[in-house]
Amino acid sequence: MISTAQIDSLFSAVPTSQAQYDSLSNSALSRGIDRYTSAEYDSAVTEFKRTIGLSSFSENAAKAYDYMAKAYLQEGNTDEAIKTYQEAFKSYPTRDAFHTSLGDIYYNQGQLSEAEAEYKAAIHLNSESTDSRYGLGQVYLHSERYDEAEVQFKTVVSLSPGSSIGYYGLGQTYRKMGNYSDALAQLDKAVSLDSTFEDGLVEQGYTYADMGDMDNADSLVDTLSNNGSSLTGTLRDYIYESAAPQIFLAYSANGFKAPLGPGTAVASLDSSLSTPGASKAFTMRFAFTKDMDPASIQNPFNWGISRAAGTDAGGAYNWGMPASATDVVVPFLPAGVLYHSDSFSADVTFKVTQNSNGNGTIDPSHLRFRFYGIDAYGKAMDLTADEYSGISEIG
């Protein structure tokens, strides 16, 4: 039989006051944090649940809800993280930070409407919450509601002028609006407040790239690289995608003699053209500085083959003299275009047709080939390198 002393000892081990429950709750929270720090997320969640069960409305429980949601996020279990914050609202209806954290989850999931609702709920509870206002500003920014984003980021600056994030948000907003000088001014403030603020440096690089100032953008890549930043590749890729594509090399793939000048006999281009009315398909290969959009580049309507005008580099067709009666006309649209994505090059096929008398002439050096399409990232051609002729080459 259990003695009276044993019974008294057993009951003395059971908590009899809230202070004792709070102490046990605090111990469970400490164990949970230790396991969270060690990436033992399952056992951490168990301890956080124990913390909440022992002291449901305490500060320990509030911290446990927050850590538990973060543990679920570390495991990739977003649904449970969301449920955790929603459960926390029942015990802590006035804690704005929970709404902000839930808003962050929705924002990262691309659920902008839900994120907006949570950030607004947090601001309703605490109008001076810079994190909530910054989050709401980001929602507006990504919803292209730039005026509303500007209001939120300006409020963040007024509430926390010593922090970089408000200036950073304004810089992002002004860049999206195309106000590049204003964007750089705000981003300079953000970086001046925190020289290690790598997101600010990246955003500066984005802005310079959008302006077409690749030298300054590349300089920021060097700065990030020298700092060992993991964001170096992110900015480098953006610069590559932002740069306007150029033609950097052109040559004939099957014998079209582009350098020959005015009065060149059509028959000299190929023996098959000695026959009156004969046609010959020639191909020019154009190499580009970056990957091009296959549908755009293979569309013949995005190309033009014409006689160079007087304003073109290298002068006009026939050096500006009237075309001879024997000069043949090359069709403006190519017969076909084939793109090689592995080499960023396109084969443009066009026809030259001998005249009915067999004495046709042509000025190959002043035939202008021009591309009007886009690259793989939707960027239009650099107008300084979107055409080729045998006399002026690329221009």
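Q: Explain the confidence of the model for the protein chain residue by residue, including any values.
A: Summing up the model confidence of the protein chain, the mean pLDDT is 94 and the portion of residues at 70 or higher is 95%. Low pLDDT, under 50, characterises residues 6–14; the predicted model gives this stretch two contacts beyond four residues in sequence or across chains.

Q: Go over the pairing of strand β4 (residues 303–307) with me, naming the residues and quoting the values.
A: When you tally the buried positions in β4, you get four out of five residues, the bulk of the element. Of the strand pairs in this sheet, β4 and strand β8 (residues 367–371) are connected by five bridges, and their pairing is antiparallel. Directly across from Ile-305, in β8, lies its bridge partner Phe-369.

Q: So what's going on with the sheet that holds strand β9 (residues 387–389)? Which residues, and what values?
A: Spatial ordering of the open sheet is given by β4-β8-β9-β10, a layout of four strands whose pairing is antiparallel. Here the strands that pair on one side only, and so sit at the sheet edges, are β4 and β10 (393–394). For β8 and β9, the ladder comprises two bridges, and the chain directions are antiparallel. Considered in β9, the bridge of Arg-370 is made with Glu-387.

Q: Before we move on, can you summarise helix α9 (residues 146–159) with the specific residues and values?
A: Taking 1.5 Å of rise per residue, the 14 residues of α9 would be expected to cover 20 Å, and the 20 Å separating its terminal C-alpha atoms lies within 8% of that figure. Residues Tyr-146, Ala-149, Glu-150, Gln-152, Phe-153, Val-156 and Val-157 constitute the buried set of α9. Axial view of α9: buried residues confined to an arc of 170°, hence all on one face. Away from its buried face, by an angle of more than 90 degrees, α9 presents the exposed residues Asp-147 and Ser-158. Summarising the contacts, the buried residues of α9 are in contact with α7 (112–125), α8 (130–142) and α10 (165–177).

Q: For the environment of Phe-371, give the residues involved together with the corresponding values.
A: Residue position: Phe-371 is located in strand β8. Residue classification places Phe-371 among the buried residues on the basis of a relative accessible area of 1%. Spatially, the C-alpha atoms of Phe-371 and Met-381 are 7.7 Å apart, while their sequence positions differ by ten residues. Those residues in contact with Phe-371 that sit more than four places away from it in its chain are Phe-288, Met-292, Ser-296, Ile-297, Asn-302, Trp-303, Met-381 and Asp-386.

Q: Any details on the packing of aromatic side chains? Residues and values, ideally.
A: Taken as a whole and judged by the stated rule, the model has 20 aromatic pairs. Summarising the aromatic geometry, the rings of Phe-350 and Phe-369 are spaced 5.2 Å apart at their centres and angled 65° between planes, so their arrangement reads as edge-to-face. Taken together, the positions of Phe-350 in strand β6 (residues 345–353) and Phe-369 in strand β8 put the pair 19 residues apart, joining distant regions of the chain. Phe-369 matches Phe-350 in its accessibility class, with the two residues each being buried. Site record: aromatic cluster; members linked through ring pairs are Phe-256, Phe-282, Phe-286, Phe-288, Trp-303, Phe-350, Phe-369, Phe-371 and Tyr-388. Residue placement shows Arg-95 over the ring face of Phe-98; its charged tip is 5.7 Å from the ring centre. The ring of Tyr-317 has Arg-307 sitting right over it, with the charged end atom 4.5 Å from the ring centre.

Q: Let's hear about the nonpolar core: which residues, and what values?
A: One finds Phe-48, Tyr-65, Met-68, Phe-98 and Leu-102 to be the most contacted residues of the largest nonpolar core, which totals 46 residues. Sorting elements by how many residues they give to this core places helix α4 (residues 59–74) first, with eight residues. Once residues within four sequence positions are removed from consideration, Phe-98 is found in contact with Ala-62, Tyr-65, Asp-66, Tyr-85, Ala-88, Phe-89 and Tyr-92. Listed in part, the 30 residues of the second largest apolar core include Phe-256, Val-328, Phe-369 and Met-381.

Q: Report on the side chain of Ser-101, specifying residues and quantitative values.
A: Following the sequence through the fold, Ser-101 ends up in helix α6 (residues 96–108). Relative accessible area serves as the criterion here: at 18%, Ser-101 is assigned to the buried category.

Q: I'd love a proper account of the environment of Asp-237, names of residues and values included.
A: With respect to the helices and strands, the residue Asp-237 is situated in helix α14 (residues 232–242). Owing to a relative accessible area of 46%, Asp-237 belongs among the partly exposed residues under this scheme. Residues Asp-237 and Asp-22, 215 residues apart in the sequence, show an inter-C-alpha distance of 52 Å.

Q: Give a description of the packing of α8 against α9 that names residues and reports values.
A: Interaxial distance between α8 and α9 falls to 8 Å at its minimum, and their mutual angle equals 160°. When the axis of α8 is compared with that of α9, the two are roughly antiparallel. As α8 runs across α9, the sense of the crossing is left-handed. Contacts from Thr-130, Arg-133, Tyr-134, Leu-136, Gly-137, Gln-138, Tyr-140 and Leu-141 in α8 reach Tyr-146, Glu-148, Ala-149, Gln-152, Phe-153, Thr-155, Val-156 and Leu-159 in α9. In terms of residue class, the contact of α8 with α9 is built from nine nonpolar, five polar and two charged.

Q: Describe in detail the pattern of salt bridges, supporting the description with residues and values.
A: In this structure the tally under the stated criterion is 18 salt bridges. Across the pair Arg-175 and Glu-203 runs a salt bridge, and its minimum N-O distance is 2.5 Å. Taken together, the residues Arg-175 in helix α10 and Glu-203 in helix α12 (residues 198–211) connect sequence positions 28 residues apart. Taken individually, Arg-175 and Glu-203 each receive the classification buried, so the pair is uniform in this respect. The closest approach of N and O atoms between Asp-210 and Arg-175, which form a salt bridge, is 2.7 Å. Taken together, the residues Asp-210 in helix α12 and Arg-175 in helix α10 connect sequence positions 35 residues apart. In the salt-bridge network here, residues are joined through shared partners; they are Arg-31, Arg-35, Glu-47 and Arg-50.

The rules we used
- Residues numbered from 1 in each chain as written.
- Predicted model: local features only at pLDDT ≥ 70, side-chain atom pairs only at ≥ 80, totals over all residues.
- Heavy atoms only, no water.
- pLDDT = per-residue confidence, 0-100.
- Contact = heavy atoms within 4.5 Å.
- Buried < 20%, exposed > 50% of the residue type's maximum accessible area, 1.4 Å probe, protein only.
- Helix = DSSP H or I, 4+ residues; strand = E, 2+ residues; numbered from the N terminus.
- Pairing = 2+ DSSP bridges.
- Expected span 1.5 Å × (residues − 1).
- Arc of directions from axis to C-beta.
- Phe/Tyr/Trp six-rings, centres within 6.5 Å; stacked < 30°, edge-to-face > 60°.
- Lys NZ or Arg CZ within 6 Å of the ring centre and 35° of its normal.
- Core = buried A, V, L, I, M, F, W, Y, C linked by side-chain atoms within 4.5 Å.
- Axes fitted to C-alpha atoms, helices over the stretch in contact; angles between N-to-C directions.
- Parallel < 35°, antiparallel > 145°, perpendicular 65-115°, else oblique.
- Left-handed = near helix turned anticlockwise from the far one by under 90°.
- Nonpolar A, V, L, I, M, F, W, Y, C, P; charged D, E, K, R; others polar.
- Salt bridge = Lys/Arg side-chain N within 4 Å of Asp/Glu carboxyl O.

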